[in-house]
Amino acid sequence: MNDIVVSLRKKVKEHAPLIHNITNVVVTNFTANGLYAIGASPVMAYAKEEVADMASIAQALVLNIGTLTAEDVEAMFIAGQAANKNNVPIVLDPVGVGATSYRTETAKALLEKIDIQVVRGNAGEIANLIDENVEMKGVDSNVQINNLVDLAKKAAVKLKTVIVLTGKTDIVTDGVTYYQIQNGDELLTKVTGTGCLLSAVVASFITQSNNILEASAAAVCFYGSAAEVAASASLNKGPGHFQLHFLDYLYTITDEKIKELVKLEKSID
Amino acid sequence: MNDIVVSLRKKVKEHAPLIHNITNVVVTNFTANGLYAIGASPVMAYAKEEVADMASIAQALVLNIGTLTAEDVEAMFIAGQAANKNNVPIVLDPVGVGATSYRTETAKALLEKIDIQVVRGNAGEIANLIDENVEMKGVDSNVQINNLVDLAKKAAVKLKTVIVLTGKTDIVTDGVTYYQIQNGDELLTKVTGTGCLLSAVVASFITQSNNILEASAAAVCFYGSAAEVAASASLNKGPGHFQLHFLDYLYTITDEKIKELVKLEKSID
Amino acid sequence: MNDIVVSLRKKVKEHAPLIHNITNVVVTNFTANGLYAIGASPVMAYAKEEVADMASIAQALVLNIGTLTAEDVEAMFIAGQAANKNNVPIVLDPVGVGATSYRTETAKALLEKIDIQVVRGNAGEIANLIDENVEMKGVDSNVQINNLVDLAKKAAVKLKTVIVLTGKTDIVTDGVTYYQIQNGDELLTKVTGTGCLLSAVVASFITQSNNILEASAAAVCFYGSAAEVAASASLNKGPGHFQLHFLDYLYTITDEKIKELVKLEKSID
């Protein structure tokens, strides 16, 4: 798998896939800079008058409901349909699903009416998408992981997508095969938009592979590895320095370092 | 007061209050990162379909009119009413009031129809909210400070809120008791959104206290202290490095450093 | 010319011109911070209810269609008309023209109905504005430069504006006189919004001169020089550090360094 991570990262740099993002206003700048750093070509376009055109020429589409408005939602449906028509893969980031019924209903409607290839969210978001409860507190760590794997697999089957469930351990699954990934650093939780950017990095990686499940797992490994090097380089100075080094290492991390850091376990039911 | 600053900062870290921001597009990312850095939980939500739900589950609501649109204004009223109904405290940041009549009228309407606990602005903004003039140029510094204290107290009485008037000296008052605070650094004026983030930090601090006036003053002291350490650490390299170190020190500044730096004077009429 | 670059930069710092930006959501924060760094006063305002007021009190207006919506476009026309009425110069940044017909038509309509002083874009965007093709691949470098100069001059004549065509060599022309500028660094292409910020810096510089062509060229030289120093200071660490140093050097670059670095050639047909 290490070779696949390195190879897909290289292909992204070489081919600079155009990633069309309809994303939230908090993370637009960080997402664009992160995509540039990995060598992809970000474009943000929101107007219903142009999203079909943009999604059609893109290599992947990212739908992120972090600060959705009725106009954005309308644009997401238009873009999603255009992407489906042109075989452009779609990654959905269901930010905050469960917090308000508007988010939950919007995310569910998108999943119902659009053919979405990958959903990337945390445990709470994934659980709410399929009306499950996720009980995390005070539970033994191994039990937790097993519960999360079950949740991710259930969601993958029910939603007919690859699920990237991120947390302390990241889980990537199509419902049958699943990867458990131990890369990343806690400082990622102190910088806004790191989950959102990961969704866009997953979108970039799946444009360079015929295997969406594997490419999604590779993106998560790559992303977490860059975070680890960045955390180390930022010398515990804080989230400001971490963010800076993270953008740098998304650009500069070496193949050797990636291969050294990737911590992934593959299982098949 | 030093102990209160340190204690409230600690409580914010421990309890991670959910701060719902309806803020301007310039500062969303910086605000979210700043709130994460102090240990709060930022959420941005703008759609009229969901702001009532979000404001109701938040511990505080921040309304910032920096890039207001008609849709945002509608959402602010809905969120404000939901916050009032659920006893969620509200901080208003009247960015640019006085620059256009749309901003002035919107801020006044919000203050009239919503029960707002704190208003954070500069002298010009506060003056325009209560139709006062503020003449600053060529005036002796002590006279100036007295004028600003009078302005802040007048606004607090008229608007029935705590006023946080920021400038070279920051003034925090409920109309009777007032604090003069000398923390901060001029580099704060070279980074966009530092005032807006302060409003969100004030919102975070007041969630951890029964005394809104005191908690607001504590937030200003904490914020200014972190800025001083950041300015020193950034070695006059410029606003880029300052911003970075500032985010770091909002996260890492020690209790000892805070106690050493707080420069606050309390007066009661 | 070196003296003009230094002199206009100094005037911007002294007079802090108010630059009204109607720009895209990806770059708002970076644009505001960049404008603060050079000493200008940024303001972002988008609502049709206030843009005429804001544009009228500004020293320059920047229209950037990077994430345009129907509401933004309406606001751009209102602001543009107010700016024209008050002799406030306008810089248009036609981001992504050619990618979708909505962008192309919007940019053309703005140029037709509003009196715009400067257009800043890359070769593809400028070409699409005047329905030209630009063929770059596999062409000898000198031929390329000549083609780009011709393109820029043609656009300047047809659109009756100063054209700032940016790329490896930047070209600034009014259709007769043209400047070729060799400042800048490739890392600018790895940070989002560097083109958009340049448009805003051009807007700032032209407020301090009666010669829009010359002031635009000076802005490009200044901007590229700061980028060169920043690239050098960031020690190849990556786009994160580069962005940081760039904001710093927009603020701190010395007159001597500017004079040393400016690489500009002026020609007249």
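Residues numbered from 1 in each chain as written. Chains lettered and ligands numbered in written order. Predicted model: local features only at pLDDT ≥ 70, side-chain atom pairs only at ≥ 80, totals over all residues. Heavy atoms only, no water.

J.: Describe the overall build of chain A, naming the residues involved and giving the relevant values.
T.: From N to C terminus, chain A includes 11 helices and 9 strands. Against the globule reference of 18 Å for 269 residues, chain A gives a C-alpha radius of gyration of 17 Å, in line with a compact fold. Expressed as a percentage of its 269 residues, the buried residues of chain A come to 64%. Taking the contacts inside chain A whose residues are at least 6 apart along the sequence as the reference set, 72% of them involve residues at least 24 apart. About 9800 Å² of surface is accessible on chain A, with carbon and sulfur atoms providing 46% of the total. In chain A, which carries 22 positive and 30 negative side-chain charges, the distance between the mean positions of the two groups comes to 2 Å. (Helix = DSSP H or I, 4+ residues; strand = E, 2+ residues; numbered from the N terminus. Rg over C-alpha atoms; globule rule 2.2 N^0.38 Å. Buried < 20%, exposed > 50% of the residue type's maximum accessible area, 1.4 Å probe, protein only. Contact = heavy atoms within 4.5 Å. Areas by Shrake-Rupley, 256 points an atom, 1.4 Å probe, with all protein chains shown as cover. Lys, Arg positive; Asp, Glu negative; His and termini not counted. Charge placed at Lys NZ, Arg CZ, Asp CG, Glu CD.)

J.: Residue-level account of the pattern of salt bridges, with values.
T.: Residue and element names in this part refer to chain A. As enumerated under the stated definition, the model contains 24 salt bridges over all chains in all. Its salt-bridge partner being Asp3, residue Lys259 comes within 3.5 Å of it at the nearest N-O pair. Taken together, the positions of Lys259 in helix H11 (residues 255-261) and Asp3 in helix H1 (residues 2-15) put the pair 256 residues apart, joining distant regions of the chain. One salt bridge connects Lys153 with Asp269, and the closest N-O pair in it is separated by 2.1 Å. On the criterion of sequence distance, the pair formed by Lys153 in helix H7 (residues 141-159) and Asp269 in the segment after strand E9 (264-268) is long-range, its members being 116 residues apart. (Salt bridge = Lys/Arg side-chain N within 4 Å of Asp/Glu carboxyl O.)

J.: Describe the interface of chain B and chain C, and please don't skip the residues or the numbers.
T.: At the interface, 26 residues of chain B touch 21 residues of chain C. A per-residue breakdown of the area chain B buries against chain C is headed by B:Val26, B:Lys190 and B:Thr192, which together make up 24% of the total. On inspection of chain B and its partner chain C, the count reaches 1 salt bridge. As a salt-bridge pair, B:Arg103 and C:Glu50 come within 2.7 Å of each other at their nearest N and O atoms. Here chain B and chain C share 8 residue pairs in polar contact (both at pLDDT 80 or more) between them. Broken down by secondary-structure element, the contributors of at least two residues to the side of chain B that touches chain C are helix H5 (101-113) and helix H10 (239-252) of chain B. The element contributing the most residues to the side of chain B that touches chain C is H10(B), with 5 residues. For the side of chain B that touches chain C, the per-class residue count stands at 12 nonpolar, 11 polar and 3 charged. (Buried area = accessible area lost by both parts, 1.4 Å probe. Polar contact = N/O pair within 3.5 Å; in protein donor to acceptor, adjacent residues only side chain to side chain. Nonpolar A, V, L, I, M, F, W, Y, C, P; charged D, E, K, R; others polar.)

J.: Before we move on, could you go through the UniProt feature "binding site: ATP" (unreviewed entry) in chain A and cite the residues and values that matter?
T.: All names here are of chain A. According to UniProt, the "binding site: ATP" (unreviewed entry) feature falls on Arg120 and Thr166. Sequence-wise these annotated residues cover 47 residues; spatially they are packed, their C-alpha atoms never more than 7.3 Å apart. Structurally, Arg120 can be placed in strand E5 (residues 118-122). Discounting residues that sit within four places of it in the chain, Arg120 has contacts with Leu92, Asp93, Pro94, Val164, Thr166, Gly195, Cys196, Leu198 and Ser199. For Arg120, the side chain forms a polar contact with the side chain of Thr166, separated by 2.8 Å. Here Thr166 lies in strand E6 (residues 162-166). Given a relative accessible area of 15%, Thr166 falls into the buried group. Sequence-distant contacts of Thr166, defined by excluding residues within four places in its chain, comprise Arg120, Gly121, Asn122, Ala123 and Leu198. (UniProt positions renumbered as here; feature names shortened; annotations may be inferred.)

J.: Describe in detail the relation of the copies chain B and chain C, supporting the description with residues and values.
T.: When chain B is fitted to chain C, the best match, at an RMSD of 0.0 Å, comes from turning it 120° and sliding it 0.0 Å along the axis. In the structure described here, the two chain copies are related by an operation that fits a three-fold rotation axis. No C-alpha of chain B lies nearer the rotation axis than that of B:Val25, which sits 3.8 Å from it. (Least-squares fit on C-alpha atoms with pLDDT ≥ 70 in both.)

J.: I'd like a description of the sheet that holds strand E9 (residues 264-268) of chain C, backed by residues and values.
T.: All names here are of chain C. In spatial order, the strands read E2-E1-E3-E4-E5-E6-E7-E8-E9; together these 9 strands make up an open sheet with mixed pairing. If you trace the sheet from one side to the other, it starts and ends with strand E2 (41-44) and E9, each paired once. Each adjacent strand pair in this sheet contributes to an overall mean axis angle of 20°, direction not counted. In terms of strand pairing, strand E7 (residues 170-173) meets strand E8 (residues 177-181) through 4 bridges, oriented antiparallel. (Pairing = 2+ DSSP bridges. Axes fitted to C-alpha atoms, helices over the stretch in contact; angles between N-to-C directions.)

J.: So what's going on with the sheet that holds strand E2 (residues 41-44) of chain A? Residues and values would help.
T.: Residues and elements named next belong to chain A. Strand order in the open sheet made by the 9 strands is E2-E1-E3-E4-E5-E6-E7-E8-E9, with mixed pairing throughout. Two strands close off the open sheet at either side, each with one partner strand: E2 and E9. On average, adjacent strands in this sheet sit at an angle of 20° to one another, irrespective of strand direction. Relative to E5, strand E4 (residues 90-93) runs parallel, the two sharing 2 bridges. The residue bridging Val91 from the neighbouring strand is Val118, located in E5. Packing of helix H8 (residues 194-206) onto the sheet brings it into contact with strand E1 (18-22), strand E3 (60-64), E4, E5 and E6, and relative to E4 it is tilted by some 170°.

J.: Requested: an account of unusual backbone geometry, with residues and values cited.
T.: All names here are of chain C. Located in the positive-phi region is Asn87, a residue other than glycine, with phi close to 55°. Here Asn87 shows up in the loop between helix H4 (70-85) and strand E4 (90-93). Judged by relative accessible area, Asn87 falls into the exposed class, the value being 72%.

J.: Lay out the confidence of the model for chain A in plain terms, naming residues and giving numbers.
T.: For chain A, per-residue confidence averages 96 on the pLDDT scale, and 98% of positions sit at 70 or higher. With a pTM of 0.96, the predicted complex shows an ipTM of 0.95. (pLDDT = per-residue confidence, 0-100.)

J.: Give a detailed account of helix H9 (residues 212-233) of chain B, specifying residues and quantitative values.
T.: Residues and elements named next belong to chain B. In this model H9 runs 31 Å from its N-terminal to its C-terminal C-alpha over 22 residues, within 8% of the 32 Å that 1.5 Å per residue would give. With 19 of its 22 residues buried, H9 lies for the most part within the structure. Leu235 sits one or two positions beyond H9 and adopts a positive phi of about 55°. (Expected span 1.5 Å × (residues − 1).)

J.: Now, about the interface of chain A and chain B: what can you tell me, with residues and values included?
T.: On the side of chain B, 21 residues touch chain A, which itself brings 26 residues to the contact. Buried area between chain A and chain B, summed over both chains or domains, comes out near 2000 Å², and the portion from carbon and sulfur atoms is 61%. When the area that chain A buries against chain B is broken down by residue, the three leading residues are A:Val26, A:Lys190 and A:Thr192, summing to 24%. Linking chain A with chain B are 1 salt bridge. The interface formed by chain A and chain B holds 8 residue pairs in polar contact (both at pLDDT 80 or more) in total. It is helix H10 (residues 239-252) of chain A that contributes the most residues to the side of chain A that touches chain B, 5 residues altogether. For the side of chain A that touches chain B, a count of residues per class yields 12 nonpolar, 11 polar and 3 charged.

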